[in-house]
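Here is what each chain is made of, one letter per residue.
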Amino acid sequence: MKLAFITDEATQDLHEAIRFAKDYHLDGVELRSVYDTPIDQIPADTLTDWKRQLDENGLRVCSLASSFYKCGTSPEEISENMEKLNRLCSASDILDCPVIRGFAFFSPESGLIPAAELVPFFDEPIRLLKARKKTLLLEADPSVNTTSHRALASLLKAIDSPCAGAIFDPGNDIYDPFREQPFPEGYMAIRPWIRHIHIKDAIYKNGEPECVMIGTGLVPYPELLAQIAADGYQGWLSLETHYRKDIVLTEEQMRLPQGASFSVGGLAAAAESAEALHTLLNEVQKGREASL
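Residues numbered from 1 in each chain as written. Predicted model: local features only at pLDDT ≥ 70, side-chain atom pairs only at ≥ 80, totals over all residues. Heavy atoms only, no water.

Undergrad: Can you help me understand the overall build of the protein chain in this one?
TA: Along the protein chain, the regular secondary structure elements total 11 helices and 12 strands. At 18 Å, the protein chain has a C-alpha radius of gyration in line with the 19 Å of a compact globule built from 292 residues. Principal-axis analysis of the C-alpha atoms gives the protein chain an extent of 50 × 45 × 40 Å. About 12,700 Å² of surface is accessible on the protein chain, with carbon and sulfur atoms providing 51% of the total. (Helix = DSSP H or I, 4+ residues; strand = E, 2+ residues; numbered from the N terminus. Rg over C-alpha atoms; globule rule 2.2 N^0.38 Å. Areas by Shrake-Rupley, 256 points an atom, 1.4 Å probe, with all protein chains shown as cover.)

What follows is the structure, encoded as structure tokens:
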């Protein structure tokens, strides 16, 4: 498995992000917002320079953590997001990263939209992705129609395209209003579609979910990581902690994470979680060796 982090969880500065990745023995970075700008709005010449810097430091871009389709379903919003997807495809060409994150629309107040009604909205994106040789990885998220990995699996099964896969984020299950269990329930539901994994952890505090350092929350990471390793997963584990040491992110920051205010207080917290992830993986490796 390869390790990365979503850079704006720690910093808006690319140079600081590169230092962080090197200091904590990570293999790559995942880009969402840099210098207070969403990744799809970064000029091509700047992206080219970033790619050179990352190459010089032996780091890959493992995913573009976009907010594609984290919106409503009006024609105007669909059009804006298709333009965004075009820009993301162009950015991914420069960064040599064929993987783009997406979602299944903000859920309306009237209730969750069923998978069958969501599928047609993905017809045009799938055509574009196929033409541009990209993969859209959808994520279960409490603010969208696929609040659980079980629901996300139903949608991906209905979309039925090699251009669409899943990001498994066990920490998001702690926020699921239907209380899906991250493991084994969530993992087993989405396992056939997993192409990327986000690492976060959370607890319930006064009845409400709150992100904490990796390994100190309700996600059973020792068992989960052991299962992932046993299943032969060779992809990325990318830190998306949403954890800050001295502050708690607002609901809006959790709903649409990006930008300078989102990164405040993230560096020290990300460092703690990077160290904790290494410790967890070392323990899993020791357990596998002891069982041989």
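Read on, since the account is not over.
Undergrad: Is there a simple way to think about the nonpolar core in this case?
TA: Nonpolar side chains tend toward joint burial in soluble globular proteins. Counting residues in each nonpolar core, the largest one holds 89 residues, and the members touching the most others are Phe-5, Ile-39, Leu-64, Phe-122 and Leu-225. In contact with Ile-39, other than residues within four places in its own chain, are Leu-31, Arg-32, Leu-47, Trp-50, Leu-64, Leu-88 and Leu-95. (Core = buried A, V, L, I, M, F, W, Y, C linked by side-chain atoms within 4.5 Å. Buried < 20%, exposed > 50% of the residue type's maximum accessible area, 1.4 Å probe, protein only. Contact = heavy atoms within 4.5 Å.)

Undergrad: Help me out: how do you make sense of the pairing of strand β8 (residues 164-168) in this one?
TA: Looking down a regular strand, the side chains alternate between one sheet face and the other. By the criterion of burial, β8 is predominantly enclosed, with five of the five residues buried. Two strands pair when backbone bridges link them, and strand β7 (residues 135-139) and β8 are joined in this way by four bridges, in the parallel orientation. Across the sheet, the residue bridging to Leu-136 is Ala-164, located in β8. Note that the unit made of β7, helix α6 (residues 149-159) and β8 has a crossover that is right-handed. Where β8 and strand β9 (residues 194-199) come together, three bridges link them in parallel fashion. From the neighbouring strand, Ala-166 faces β9, where its bridge partner is Ile-194. For the segment spanning β8, helix α7 (residues 182-190) and β9, crossover handedness is right-handed. (Pairing = 2+ DSSP bridges. Right-handed = clockwise from strand over helix to strand, strands pointing away.)

Undergrad: Whenever I open this one, the pairing of strand β1 (residues 2-6) confuses me. Can you help?
TA: The buried fraction of β1 is high, at four of five residues. As defined by bridge partners, β1 adjoins strand β12 (residues 236-239) across four bridges and the pair is classed as parallel. Counted as the bridge partner of Leu-3 is Leu-237 from β12. Bridging between β1 and strand β2 (residues 28-31) involves three bridges; their strand directions are parallel. Note that in β2 the partner of Ile-6 across the bridge is Glu-30. Handedness of the β1-helix α1 (residues 14-23)-β2 crossover: right-handed.

Undergrad: What exactly am I supposed to notice about unusual backbone geometry here?
TA: The phi angle of most residues is negative, glycine excepted, and most peptide bonds adopt the trans form. Cis geometry marks the peptide bond from Phe-183 to Pro-184, where omega comes out at 5 degrees. Position of Pro-184 relative to the elements: it lies in helix α7. One non-glycine residue, Tyr-35, adopts positive backbone phi at about 50 degrees. Here Tyr-35 shows up in the loop between β3 (33-34) and β4 (37-38). The backbone of Asp-36 shows a phi angle near 65 degrees, a positive value even though the residue is not glycine. Relative to the elements of secondary structure, Asp-36 occurs in the loop between β3 and β4.

Undergrad: I would appreciate a short explanation of the side chain of His-196 in the present structure.
TA: Residue placement: His-196 occurs in strand β9. Of the polar contacts made by the side chain of His-196, one reaches the side chain of Glu-30; its length is 3.0 Å. Ignoring any residue separated from it by four or fewer positions in sequence, one finds His-196 in contact with Glu-30, Cys-62, Ser-63, Leu-137, Ala-166, Ile-167, Phe-168, Tyr-233, Trp-236 and Ser-238. (Polar contact = N/O pair within 3.5 Å; in protein donor to acceptor, adjacent residues only side chain to side chain.)

Undergrad: Could you clarify how one ought to interpret α1 in this entry?
TA: Because each turn of an α-helix spans 3.6 residues, side chains separated by three or four positions in sequence point in the same direction. Where α1 is concerned, the buried positions are Leu-14, Ala-17, Ile-18, Phe-20 and Ala-21. Down the axis of α1, the buried side of the element spans an arc of 160 degrees, and every buried residue falls inside it. Structurally, α1 contributes buried residues whose contacts are with β1, β2, β3, α2 (44-56) and α11 (266-291). Where α1 begins, the side chain of Asp-13 points an oxygen toward the backbone nitrogen of His-15, at a separation of 2.8 Å. With its phi angle positive at about 55 degrees, His-25 sits one or two positions after the end of α1. (Arc of directions from axis to C-beta.)

Undergrad: Hey, could you run me through the side chain of Ser-143 in this one?
TA: Relative to the helices and strands, Ser-143 is located in the loop between β7 and α6. Aside from chain neighbours lying at most four places away, what touches Ser-143 is Lys-70, Phe-105, Phe-106, Ser-107 and Arg-255.

Undergrad: Explain helix α5 (residues 123-132) here, please?
TA: The set of residues buried in α5 consists of Pro-125, Ile-126, Leu-128 and Leu-129. Taken end-on, α5 shows its buried residues confined to a sector of 165 degrees, consistent with a single buried face. Residues of α5 that are exposed and angled more than 90 degrees away from the buried face: Arg-127, Lys-130 and Ala-131. Against β5 (60-68), α3 (75-95), β7, α6 and β8 lie the buried residues of α5. Among the residues trailing α5, Lys-133 stands out with phi positive, at a value near 60 degrees.

All quantities given are derived from atomic positions and should not be read as evidence of function.
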